[in-house]
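Observations on the three-dimensional arrangement
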Amino acid sequence: ESFKYTYQVVCRLINLFPLLTFSGPDGEKTWPKKYPYCGGVFQSPIDFHNDILQYDSTLLPLELEGYNVSSTDQFMLTNNGHSVRMSLLPTMHIRNLPFQYTAAQLHLHWGNRNRPEGSEHTISGRHFAAELHIVHYNSDKYPDVTTAIDKSDGLAVLAVLIEVRCPLNPSYEKIFNHFQNVKYKDQVALVPGFDIQELLPDRLDEYYRYEGSLTTPPCYPSVLWTVFRHPVKVSQEQASLNKKDIFLFSLSLYPKKSTIKLAAALCVVKVHFCAPCHFLNLVC
Ligand SMILES: [Zn+2]
């Protein structure tokens, strides 16, 4: 069990300074007027820095069910005008959370020409090239993702940070090679089934866990976030093709939300499976 780290960020008090989160790019400042939740509690994304991490012995390595989808099944890839999303199957679940969470869709957050670093969450202030979100809804309590989206226990999102390194990532390519068919809003392509777990890093036991929100309006504080500690790698070719082919002509409906840097005084730190924890200021 050595070299396992599971982090939980406990930030019950972030609503003390909600307006601090709106110093971001133009557009974001005006969100709270139209979308009150964007100025409210439990907002995402946040920066994971050592000061706010807390040891939590109750967290478990993530267990996924039904993620290995047969190639005879198909996922629907859609350009909705501000992102490309891929529908997932109702047979895909996260198992060991307080409720059963069923997969609904995945999508990517990329940078653009002006802001090449596209990840939403950051680690010690560091952005990554992109971020994959796999969205699940609480299927024990709600019939579908639309019903769950504004409920406090409604959603669970797995987030994978993506960095640009050689070589080409064949698993991500299974999605990316269909992007040419969804260049424009409302275009749809079908992607043959594959093991979606290939899109995650190898270590499913090393992650940050916190209660947050949708990162775009209406910013509902409904998301139990699991952000994997280790990024996955895609090639430069893959990264630039995606930006060129999707982002430069897709209408970006929302600017990216600023990452929230929570103060240590507002959050405490939990770490589980703490073997060599010397890089954290913790005694395990
Ligand atoms: Zn997202």
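Reading the values: rules and limits
Note on numbering: residues in each chain are counted from 1, in written sequence order. Given that this is a predicted model, residues contribute local features only at a pLDDT of at least 70 and side-chain atom pairs are listed and counted only at 80 or more, while totals for whole chains, interfaces and linings are drawn from all residues. Hydrogens and waters are ignored; side-chain quantities use all the structure's heavy atoms. Here a strand is any run of E in DSSP of at least two residues, a helix any run of H or I of at least four, and the numbering for each starts at the N terminus. Using a 1.4 Å probe, the Shrake-Rupley method yields the accessible areas, and only the shown protein chains count as cover for residues. Exposure above 30% relative accessible area and the lack of any salt bridge qualify a residue for a patch; like charges then connect within 9 Å, and the nonpolar side chains Val, Leu, Ile, Met, Phe, Trp and Tyr within 5 Å. We define a salt bridge as a contact between a side-chain nitrogen of Lys or Arg and a carboxyl oxygen of Asp or Glu at a distance within 4 Å. Two cysteine sulfur atoms form a disulfide, by the criterion used here, when they sit within 2.5 Å. Relative accessibility decides the category of a residue: with a 1.4 Å probe and only protein chains considered, values under 20% of the type maximum give buried, values over 50% give exposed, and everything between is partly exposed. A pair of strands is treated as paired once DSSP finds two or more bridges between them. Coordination shells were defined by N, O and S atoms within 2.8 Å of each metal, extended to 3.2 Å for Na, K and Ca; water is absent from the atom set, which can make sites look incomplete. Each residue gets a pLDDT score, which is the predictor's confidence in that residue and runs from 0 to 100. Note on contacts: a residue pair qualifies if any of its non-hydrogen atoms lie within 4.5 Å across the two residues.

Let's shift gears to the overall build of the protein. Across its full length, the protein holds four helices and 16 strands. Carbon and sulfur atoms make up 54% of the accessible area of the protein, which totals about 12,900 Å².

A grouping of Met 76, Val 188 and Leu 190 is seen on the molecular surface, where their side chains present a nonpolar patch of about 260 Å² in accessible area. Structurally, Val 188 can be placed in strand S12 (residues 188-192).

Once that is clear, we can look at the state of the cysteines. Per the counting criterion, the structure on display carries one disulfide. What pairs with Cys 38 in a disulfide is Cys 219, and their sulfur atoms sit 2.0 Å apart. Where Cys 38 bonds to Cys 219 through sulfur, the torsion about that S-S bond is close to 85°, and the disulfide is right-handed. Highlighted residues: Cys 38 in the loop between helix H1 (31-34) and strand S2 (47-48) and Cys 219 in the loop between strand S13 (207-212) and strand S14 (223-228), separated in sequence by 181 residues. Taken as a pair, Cys 38 and Cys 219 share a single burial class, namely buried.

Counting buried positions along strand S8 (residues 101-110) yields ten of ten residues, so the element is predominantly enclosed. Examined bridge by bridge, strand S6 (residues 84-87) and S8 share three bridges and lie antiparallel to one another. By the bridge assignment for S8, Arg 85 is matched with His 107. Both strand S7 (residues 93-94) and S8 contribute to a ladder of two bridges, which runs antiparallel. Following the sheet pairing, Ile 94 is matched in S8 by Tyr 101. Taking the residues that link successive antiparallel strands as the turn, the S7-S8 hairpin has six residues. Of the strand pairs in this sheet, S8 and strand S10 (residues 130-138) are connected by nine bridges, and their pairing is antiparallel. Along S10, the bridge assignment pairs Ala 103 with His 136.

Only His 107 (NE2), His 109 (NE2) and His 133 (ND1) from the protein reach the zinc ion as donors, at distances of 2.0 to 2.1 Å. On the primary sequence, the residues serving as donors to the zinc ion are separated as H-x1-H-x23-H. With His 109 in strand S8 and His 133 in strand S10, this residue pair connects regions lying 24 residues apart in the sequence. The pair His 109 / His 133 is uniform in exposure class, with both members buried.

Considering every residue of the protein, the mean pLDDT works out to 79; 75% of them sit at 70 or more. The secondary-structure element of the protein with the lowest mean pLDDT is strand S16 (residues 268-272), recorded at 42, while strand S4 (residues 64-65) shows the highest, at 97. This stretch, residues 10-26, has a pLDDT under 50; its non-local contacts, to residues over four places away or in other chains, come to 39 contacts. Below a pLDDT of 50 lies the segment residues 268-284, which in the model reaches 58 contacts outside its immediate sequence neighbourhood of four places, other chains included.

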